[in-house]
Amino acid sequence: MGGGRLETVSVDVEPPGPGELQIAVAYCGLCGTDLHIVHGNMDARVRTPLVFGHETSGTVAAVGAGVEGWKVGDPLTVMPLIWDGTCAACLAGHQHICQNLVFVGIDSPGGLQQRWNVPASIAVPLPAGLDLRTAALVEPAAVAVHDVRRSELQVGDRAVVLGGGPIGVLIAAVAREAGAHVMVAEVDASRRSRIAELGFEVIDPSSADMVAEVERWTGGVGADVVFEVSGAAAAVRATTALAKVRGTIVVVAIHSAPREIDLQRVFWRELRLLGARVYQRSDFERAVELLGRGVIPADALISGVVPIEETASAVADLSAGRAMKILVDVAGEGRA
Ligand SMILES: [Zn+2]
């Protein structure tokens, strides 16, 4: 897919195999990883043609042999991780970062299809009251839940989120729910105004003196937690200047190259530098709960819903930074 060509095709539907559920996919969100796949940046990993998409919601369309606890019509989402259960990471209890992890929608067929067979083990039930459009945000919200949990954020903490895209806003919302005060740094003006409307402190790191502003905001102490979500080299350099003594830096973004970081500052302030990747089942279930309670500003995050035939133009809009989160209406039910 190096040429970035997207096609919508009709195929015969296979029944679900033993241990599988067949999902009638309702919505599928598009994310930065999907853009990388379409643009060919992941050609070394991705086998094409690929049905991508991993931010999904839907209902059970058919139940495979041996699957218990599910019936046709049940609403669900999918935690798109399949681990081997035998590697050192799995045996240590870190199945979500299995050394042979299969990420569904990247390494195997994903959710941009109207009928999707998945192992029942990765299906996550949704409460009846949660609408399926909102539920398409469970996967990115679970990322944010995991990031905040890894940070060990405490009530009353001051957290700085570098990068105000969908994941940054989700982290801000989850951190606020956990009792933190949150400041988001974002270069795009329209995103900044949207974030300010949600009640977060917001700063433009390209014009303001971010270090001085965070010093002022924290009474000279520095931030308890800094989430690096932007993927930008300058933001990485800023993290160590923003964190307080014994503060925590969480690396959320996928950086395309090694970055420079001030290790003298890490040493001097006894900073903690953590990676946070995907999510565990408990994070996914917590994300379902937070969306169900309306803690996540779903409407502010979803900037558009398109039919499946318009996936390519949605990818172009996202690539150009013209959108926040675009959902593909896979079932076609929401069409005007
Ligand atoms: Zn493993």
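- Per an unreviewed UniProt entry, the chain carries the name Zn-dependent alcohol dehydrogenase and comes from Sphaerisporangium melleum.
- Within the UniProt record for the chain, the comment given under Sequence similarities (unreviewed entry) is "Belongs to the zinc-containing alcohol dehydrogenase family."

Things to note about the nonpolar core
- Counting residues in each nonpolar core, the largest one holds 91 residues, and the members touching the most others are F227 and Y279.
- Here this core spans two domains, and each of domain 1 (20–137 + 296–329) and domain 2 (141–275) adds at least three residues to it.
- If we skip the residues at most four places from it in the chain, F227 touches D147, V148, S151, A159, V160, V161, L162, I171, V250 and V252.
- Core analysis: the second largest hydrophobic core is formed by 17 residues, V214, V226, A235 and V266 among them.

What about the packing of helix α7 (residues 210–217) against helix α8 (residues 233–242)?
- At their nearest, the axes of α7 and α8 sit 10 Å apart, and the two run at 30° to each other. α8 is crossed by α7, and the crossing has right-handed handedness. Between α7, through M210, V211 and V214, and α8, the contact on the second element is made entirely by A238, A241 and L242.
- Its residues placed into classes, the contact of α7 with α8 shows six nonpolar, no polar and no charged.

Observations concerning the layout of surface pockets
- Considering only enclosed or pocket space, the second largest pocket measures out at about 950 Å³ in volume.
- If you go around the second largest pocket, you meet 27 residues; those closest to its centre are E7, V9, V51, L112 and Q113.
- Counting only elements with at least two residues in the lining of the second largest pocket, the list comes to β6 (115–119) and α12 (311–319).
- With three residues, β6 is the single largest residue contributor to the lining of the second largest pocket.
- In terms of residue class, the lining of the second largest pocket is built from 13 nonpolar, eight polar and six charged.

Remarks on the coordination of the zinc ion
- Donor atoms from the polypeptide that bind the zinc ion are D84 (OD), C87 (SG), C90 (SG) and C98 (SG), placed at 2.1 to 2.3 Å.
- In this structure, the zinc ion is surrounded by four donor atoms whose angles at the metal cover 96 to 122°, and the resulting shape is tetrahedral.
- In primary sequence terms, the donor set of the zinc ion follows D-x2-C-x2-C-x7-C.

Comments concerning the side chain of T77
- Turning to its location among the elements, T77 is positioned in strand β3 (residues 75–78).
- The buried category is assigned to T77, whose relative accessible area is 1%.
- Not counting residues within four places of it along the chain, the set of residues in contact with T77 comprises T56, I122, A123, V124, L126, A135, V138 and F284.

Thresholds applied
- Residues numbered from 1 in each chain as written.
- Predicted model: local features only at pLDDT ≥ 70, side-chain atom pairs only at ≥ 80, totals over all residues.
- Heavy atoms only, no water.
- UniProt positions renumbered as here; feature names shortened; annotations may be inferred.
- Core = buried A, V, L, I, M, F, W, Y, C linked by side-chain atoms within 4.5 Å.
- Buried < 20%, exposed > 50% of the residue type's maximum accessible area, 1.4 Å probe, protein only.
- Domains from an automatic or database assignment.
- Contact = heavy atoms within 4.5 Å.
- Axes fitted to C-alpha atoms, helices over the stretch in contact; angles between N-to-C directions.
- Helix = DSSP H or I, 4+ residues; strand = E, 2+ residues; numbered from the N terminus.
- Left-handed = near helix turned anticlockwise from the far one by under 90°.
- Nonpolar A, V, L, I, M, F, W, Y, C, P; charged D, E, K, R; others polar.
- 1 Å grid on protein atoms, 1.4 Å probe; cavity = no way out; pocket = protein on both sides within 12 Å on 5 of 7 lines; lining within 4 Å.
- Points joined across faces, edges and corners; volume = space filled by probe spheres on them.
- Donors = N, O, S within 2.8 Å, 3.2 Å for Na, K, Ca; no water.
- Tetrahedral: all angles 85-135°; square planar, octahedral: opposite > 155°, others 65-115°.

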